[in-house]
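Letter by letter, the chains look like this.
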Amino acid sequence: LKDYTVGIIASGALLTYLYETQKSNMPHITTLLPYSSGKYMLIDSSSRRNLELVETMREKQKKGSLLWVLDKTDTSMGRRKLRQCIEQPLTDTAAIIRRHDAVEALINNSAALYDIKTDLAKVYDLERLMTRIIYKAANAKDVKALGATCRILPQLKSDLSQISTQLTRSLDKKISPLDDIADLVERAIADEPPALMKDGGYIKNGFNEELDRLRNI
């Protein structure tokens, strides 16, 4: 943000507001990236409506829109990413070519594409899960979903490595296996945890000696 003096001031004010209202240091906010309109094609609101990018003009529904035609995603995160790509078309030729190369490679390797889609179908909405966990609003099933997602990441990395393009290699490097988190959740959380935390019984026996002692009293 060094070239955005006003942006630094605005970001500081916004973060201060969040710290004070959420009573948290917001540990999940680790990076601030400036949004540059030059990276994306500018589309005015009238054109967006007429092109029916994400909803139809009359019914205001997704069905019949461009998003509806293209959306074959298997995750909520992918669905949001696809919507963003449609609403903000790239203008950087190199970035467009990287994206096209990855799509072409996936089309030409149907076995790898199938494996990746199978992996993604087992991935929960990490963005929403992390928000609930950070704000201590998660229940045991949310934590269990986090563990299940972490468990599938090594396989996803392995399957993604079958596609050798600049974009997929970059994505592969950004994925951490998170085996330690998957192991912790597996050791700590019951296989069938209750929906409500107040019901108890969501921590496995043998995970914590003090908890086991109190339960046995």
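In case you missed it, the structure is sitting above this.
These lines cover the structure that appears in this document, whether it is placed above or below. (Residues numbered from 1 in each chain as written. Predicted model: local features only at pLDDT ≥ 70, side-chain atom pairs only at ≥ 80, totals over all residues. Heavy atoms only, no water.)

All right, on to the pattern of salt bridges then. Any two side chains of opposite charge can pair, on the condition that their charged atoms come close. As enumerated under the stated definition, the model contains 13 salt bridges in all. Here Asp125 makes a salt bridge to Arg80, at a shortest N to O gap of 2.9 Å. One end of the pair, Asp125, is in the loop between helix 6 (110-120) and helix 7 (126-134); the other, Arg80, is in helix 4 (residues 76-87), and 45 residues separate them in sequence. Classification of Asp125 as buried rests on a relative accessible area of 16%. Ionic pairing is found between Arg151 and Glu186, a salt bridge with its closest N-O pair at 2.9 Å. Of this pair, Arg151 sits in helix 8 (residues 140-160) while Glu186 sits in helix 10 (residues 179-188), and the two are 35 residues apart along the sequence. Because the salt bridges share partners, they merge into one network encompassing Lys62, Asp71 and Arg79. (Salt bridge = Lys/Arg side-chain N within 4 Å of Asp/Glu carboxyl O. Helix = DSSP H or I, 4+ residues; strand = E, 2+ residues; numbered from the N terminus. Buried < 20%, exposed > 50% of the residue type's maximum accessible area, 1.4 Å probe, protein only.)

Core analysis: the largest hydrophobic core is formed by eight residues, namely Ala105, Ala112, Ile116, Leu153, Leu156, Leu160, Ile163 and Ile175. Among the secondary structure elements, those contributing two or more residues to this core are helix 6 and helix 8. At three residues, the largest contribution of residues to this core is made by helix 8. Leave out the neighbours within four places in its chain, and Leu156 touches Ile116, Asp119, Leu120 and Ile175. (Core = buried A, V, L, I, M, F, W, Y, C linked by side-chain atoms within 4.5 Å. Contact = heavy atoms within 4.5 Å.)

Bringing helix 10 into the picture now. Along helix 10, the residues that are buried comprise Ala182, Val185 and Ala188. The buried residues of helix 10 occupy one face: seen down the axis, they fall within an arc of 145 degrees. Residues of helix 10 that are exposed and angled more than 90 degrees away from the buried face: Asp180 and Arg187. The elements touched by buried residues of helix 10 are helix 8. (Arc of directions from axis to C-beta.)

At a minimum axis distance of 8 Å, the contact between helix 8 and helix 10 shows a crossing angle of 140 degrees. With respect to each other, helix 8 and helix 10 are oriented oblique. Seen along the crossing, helix 8 lies across helix 10 with a hand that is left-handed. Together, Val143, Lys144, Leu146, Gly147, Cys150, Arg151 and Pro154 of helix 8 and Asp179, Ile181, Ala182, Asp183, Val185 and Glu186 of helix 10 make up the contact between the two elements. Of the residues assigned to the contact of helix 8 with helix 10, the class counts are seven nonpolar, one polar and five charged. (Axes fitted to C-alpha atoms, helices over the stretch in contact; angles between N-to-C directions. Parallel < 35°, antiparallel > 145°, perpendicular 65-115°, else oblique. Left-handed = near helix turned anticlockwise from the far one by under 90°. Nonpolar A, V, L, I, M, F, W, Y, C, P; charged D, E, K, R; others polar.)

In this structure, the largest pocket occupies an estimated 2,600 Å³ of space. Mapped by element, the contributors of at least two residues to the lining of the largest pocket are helix 4, helix 5 (93-108), helix 6, helix 7, helix 8 and helix 9 (166-174). With eight residues, the single largest contributor to the lining of the largest pocket is helix 4. For the lining of the largest pocket, the residue count by class is 28 nonpolar, nine polar and eleven charged. (1 Å grid on protein atoms, 1.4 Å probe; cavity = no way out; pocket = protein on both sides within 12 Å on 5 of 7 lines; lining within 4 Å. Points joined across faces, edges and corners; volume = space filled by probe spheres on them.)

Take unusual backbone geometry next. Despite not being glycine, Lys23 has its phi angle at roughly 55 degrees, a positive value. Position of Lys23 relative to the elements: it lies in the loop between helix 1 (5-22) and helix 2 (45-51). Take Lys23: its relative accessible area is 71%, and that puts it in the exposed class. Located in the positive-phi region is Lys136, a residue other than glycine, with phi close to 55 degrees.

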